[in-house]
Amino acid sequence: MNVHVTAGTDRRKTNPVFNDRKLKLGTFGTNLDRGCAISTIDGVLEINWPNTLELARISEEMEFEALVPIGRWQGFGGVTNFNGPGFECFSWASAVGASTKYSGIFATSHVPTIHPVMAAKQATTVDHVTGGRFALNIVTGWHRPEIEMFGAALMEHDDRYECAAEWLQIIRQLWTHEEPFDFEGRFYSIKKGYLQPKPIQRPFPAVMNAGGSEKGQHFAAKYCDMVYVVFGSHDFDDCKAKVDSYRELARKEYGREIQVWSYAYVVQGETEREARDFFDNYVNKKGDWDAVDNLISTMIANAKTLPKDVLAEMKRHFIAGWGGYPIIGTPERIVDELITMSKMGLDGTLLNWPRYIEDQRWFRDRVYPLVQQAGLR
């Protein structure tokens, strides 16, 4: 974005997540080993700096608005130890941000693992490195082994969001208050809180959250610029109703307009049969079922009580691409599915691919021109 930036620049001028494209696009999980595919196939993302940088550069060529890492401190075992190796989000964001010029650069931060004063300072640094393209994805923490690794107990569900509200309040005060301030809350005590320089973006950098529970949805609707929905059903009417209800919650309860995003995994081929056969191979035949068992049992408290067919289908979607919305088929079919997601009312969607680098290049060359022709970009 060719904008002259100084401290105090309107974030709509510097951060592409606020542009007016019909469907904004981004990537998900490019900071972690294997990306989003819980599979033993060849070609999954091997996490090293050249690979994660290559994915950022391919995304830049398509002017993707959002590069969103996954905050992960421990893997999920199995033969792949899925997402075990990976890069820390703030330092990843700073390095990727310094190596790009357009995309919005996110850091995903678990509230219990980092003090708000530190998070505010790191975020500000990345915002300056990127010229005002930083965004913060807040995660309250659900993977018990990770939280316990930091010497803390996993809080009760609602308490996590109460803590996150204090955490974000402190960060925003540090981003905006010129004079030192004190803060005394239930979870944090701040004496003479101070931060200079301030972020480039005004009033402050964009914030995203993926609250799915009632408590989580209220947190996101009240405090965040972007909410991130995970679809339990892939029926169009169900998905649209979920998007619409989130917007209505923000408008009616908090008088706010929010962006609603989701995420999808893309399985592509020259023919429908080729794409479906590949899905069958990397998911059903070569999926790491032990790793996905560990993930689901940790993430979803009532997983064992779900009907077997429902649980099996859920696991397939997680193996395919972290439980995202499925986009499977030819270039034309992929574009049709993206049009459908736009018609659901989504402002944007993050994408991931099983063979991340190879498949994203194919998407850039074969699919993206059709996305543009369809008027989504």
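Below you will find a few notes about this structure. Remember, it's a predicted structure, so these values are computed and weren't measured experimentally. (Residues numbered from 1 in each chain as written. Predicted model: local features only at pLDDT ≥ 70, side-chain atom pairs only at ≥ 80, totals over all residues. Heavy atoms only, no water.)

1. Regarding a nonpolar patch on the surface
Part 1 of the reasoning: A contiguous nonpolar surface patch, about 280 Å² in accessible area, is contributed by Trp73, Met149 and Phe150.
Part 2 of the reasoning: Here methionine 149 is to be found in helix 5 (residues 144-149).
Part 3 of the reasoning: The exposure class assigned to methionine 149 is partly exposed, which follows from its relative accessible area of 45%. (Patch = residues over 30% accessible without salt bridge, like charges linked within 9 Å, V, L, I, M, F, W, Y side chains within 5 Å. Areas by Shrake-Rupley, 256 points an atom, 1.4 Å probe, with all protein chains shown as cover. Salt bridge = Lys/Arg side-chain N within 4 Å of Asp/Glu carboxyl O. Helix = DSSP H or I, 4+ residues; strand = E, 2+ residues; numbered from the N terminus. Buried < 20%, exposed > 50% of the residue type's maximum accessible area, 1.4 Å probe, protein only.)

2. Section: the packing of aromatic side chains
What describes a pair of aromatic rings is the distance from one ring centre to the other and the angle between the planes of the rings.
Part 1 of the reasoning: In this structure the tally under the stated criterion is 19 aromatic pairs.
Part 2 of the reasoning: Relative to phenylalanine 150, the ring of tryptophan 73 lies with its centre 5.0 Å away and its plane at 80°, an arrangement referred to as edge-to-face. Linking tryptophan 73 in the loop between strand 3 (66-68) and helix 3 (89-98) with phenylalanine 150 in the loop between helix 5 and helix 6 (157-176), this pair joins segments that are 77 residues apart in sequence.
Part 3 of the reasoning: Judged by relative accessible area, phenylalanine 150 falls into the partly exposed class, the value being 36%. (Phe/Tyr/Trp six-rings, centres within 6.5 Å; stacked < 30°, edge-to-face > 60°.)

3. Some thoughts on the pattern of salt bridges
Part 1 of the reasoning: In this structure the tally under the stated criterion is 26 salt bridges.
Part 2 of the reasoning: Between arginine 11 and aspartate 225 there is a salt bridge, with the nearest N and O atoms lying 2.8 Å from each other. Highlighted residues: arginine 11 in helix 1 (residues 11-14) and aspartate 225 in the loop between helix 7 (214-223) and strand 10 (226-228), separated in sequence by 214 residues.
Part 3 of the reasoning: Residue arginine 11 is classed as buried on the basis of its relative accessible area, which comes to 12%.
Part 4 of the reasoning: For aspartate 225, a relative accessible area of 9% puts it in the buried group.
Part 5 of the reasoning: Among the salt bridges present, the one from arginine 355 reaches aspartate 359, with a minimum N-O distance of 3.2 Å.
Part 6 of the reasoning: When salt bridges that share partners are traced, they join Arg21, Glu63, Glu65 and Arg377 into one network.

4. A look at the pairing of strand 6 (residues 181-184)
Part 1 of the reasoning: Burial of the side chains of strand 6 is restricted to one face: Phe181 and Phe183 are buried, whereas none of Asp182 and Glu184 on the reverse face is.
Part 2 of the reasoning: In this structure, strand 6 lies alongside strand 7 (residues 189-193), joined through three bridges in antiparallel fashion. Across the sheet, residue phenylalanine 181 finds its bridge partner in strand 7, namely glycine 193. (Pairing = 2+ DSSP bridges.)

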